Amino acid sequence: MNSIAHIGWGVKDVNEYLREFLILTFIKSLLAFAAGLAIVTVSGCTDQKKVEQKGNIIKAGSVGISREDFVRELEIKLANYPFDIKDKPREYNAMVLDLVSDLSDEAVLLAAAAAKGIDVSAEELESAVVDFKKDYPENSFDRMLLERAISYPVWKKRLKKDMVIQKLIMQDLVASQEIHAEDMIAFYDRFAEQAKDQDNDNAQVMDENALVLKLRMEKSQDVFGEWLQGLQTSYSVEIDKPVLSTFLMNTKEH
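What counts as what
- Residues numbered from 1 in each chain as written.
- Predicted model: local features only at pLDDT ≥ 70, side-chain atom pairs only at ≥ 80, totals over all residues.
- Heavy atoms only, no water.
- Axes fitted to C-alpha atoms, helices over the stretch in contact; angles between N-to-C directions.
- Helix = DSSP H or I, 4+ residues; strand = E, 2+ residues; numbered from the N terminus.
- Parallel < 35°, antiparallel > 145°, perpendicular 65-115°, else oblique.
- Left-handed = near helix turned anticlockwise from the far one by under 90°.
- Contact = heavy atoms within 4.5 Å.
- Nonpolar A, V, L, I, M, F, W, Y, C, P; charged D, E, K, R; others polar.
- Pairing = 2+ DSSP bridges.
- Phe/Tyr/Trp six-rings, centres within 6.5 Å; stacked < 30°, edge-to-face > 60°.
- Buried < 20%, exposed > 50% of the residue type's maximum accessible area, 1.4 Å probe, protein only.

## Quick word on the packing of helix α3 (residues 67–78) against helix α4 (residues 89–115)
Packed helices, taken two at a time, are described by the angle their axes make and the gap between the axes.
At step 1: Close contact between α3 and α4 brings their axes to 11 Å; oriented N to C, the two are set at 125°. Here α4 runs oblique to α3, going by the angle between their axes. Of the two elements, α3 crosses α4, and the hand of that crossing is right-handed. Contacts from Phe70, Glu73, Leu74, Lys77 and Leu78 of α3 reach α4 at Tyr92, Met95, Val96, Asp98, Leu99, Val100, Asp102 and Leu103.
At step 2: Among the residues making up the contact of α3 with α4, the classes are represented as nine nonpolar, no polar and four charged.

What follows is the structure, given as structure tokens:
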């Protein structure tokens, strides 16, 4: 192991930082598509017969979001909103379009991953499930799913999608960031004062690979938006607007 410095920041910290980075950057990215959508004014709410028809409401590259999946995602999203949101058409429509934004960017990222042959094996998924459940003793995991109105199969499918997207970000974005000697020196200078305040006997050692990984992730944050826009160009989103309109409420009557 090529040690860089005792700075109280070890490999475990890198992994936690990575998890936080992936979550935050992905959430931020999901706002990008919303500005391009206009609220469609229609009469009534969801036409369930149209929803049950085959086809995709959102599609990017080889990845499609079926109308059935959209209904399921909408139900989950609604569980996080006040029960009376359907009494506020403009807020309700904004919520639906926010979901469209989220799923559109998700489709782009998954399409890019599929094109690059990035996937998650059954073994990797099961290992991630076990690790995730460690944070939920006894039956608290099942209770968490119940409170969020998510079935276990849907949650597991969502977990796999997130893992695929994480792999894509790591392989296509983070790994491509160049790190120079001056970057590493600057990093050490930033944390040198922190090291002085710590007991060297207890301080963890950051190895060079962990340091380079963190620096690449920091650089990735600066170019994430540009990277995502490039993927959106390569895997343009198609939305079935007539079907989308069946999920929106008439704002003229309110």
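## Re the pairing of strand β2 (residues 56–60)
At step 1: Pairing of β2 with strand β3 (residues 63–66), which is carried by four bridges, proceeds in the antiparallel orientation. Across the sheet, residue Ala60 finds its bridge partner in β3, namely Val63.
At step 2: Hairpin connection from β2 to β3: two residues lie between these consecutive antiparallel strands, with Gly61 at a positive phi of about 60°.

## Quick look at the packing of aromatic side chains
At step 1: Per the counting criterion, the structure on display carries nine aromatic pairs.
At step 2: Between the aromatic rings of Phe132 and Phe141, the centroid separation amounts to 6.1 Å while the plane-to-plane angle is 80°, which identifies the pairing as edge-to-face.
At step 3: By relative accessible area, which is 4% here, Phe141 ends up buried.
At step 4: Ring geometry for Phe141 versus Tyr152: centroids 6.2 Å apart, planes at 80°, classification edge-to-face. With Phe141 in helix α6 (residues 140–147) and Tyr152 in helix α7 (residues 152–173), the pair connects residues that are 11 residues apart, well separated along the chain.
At step 5: A network of ring pairs unites the aromatic residues Phe132, Tyr136, Phe141, Tyr152 and Trp155 as a single cluster.

## A short note on the sheet that holds β3
At step 1: Pairing in this open sheet of three strands is antiparallel, and the strands run β3-β2-β5 from one edge to the other. Across the chains shown, the open sheet's two edge strands, defined by having one partner strand only, are β3 and β5 (237–239). Direction aside, neighbouring strands of the sheet carry axes that sit 15° apart on average.
At step 2: Those strands touched by α3 are β2 and β3, and its axis lies near 65° from that of β3.
At step 3: This element, α4, spans β2, β3 and β5 of the sheet and lies at about 45° to β2.

By themselves, these are just geometric observations and shouldn't be taken as functional.
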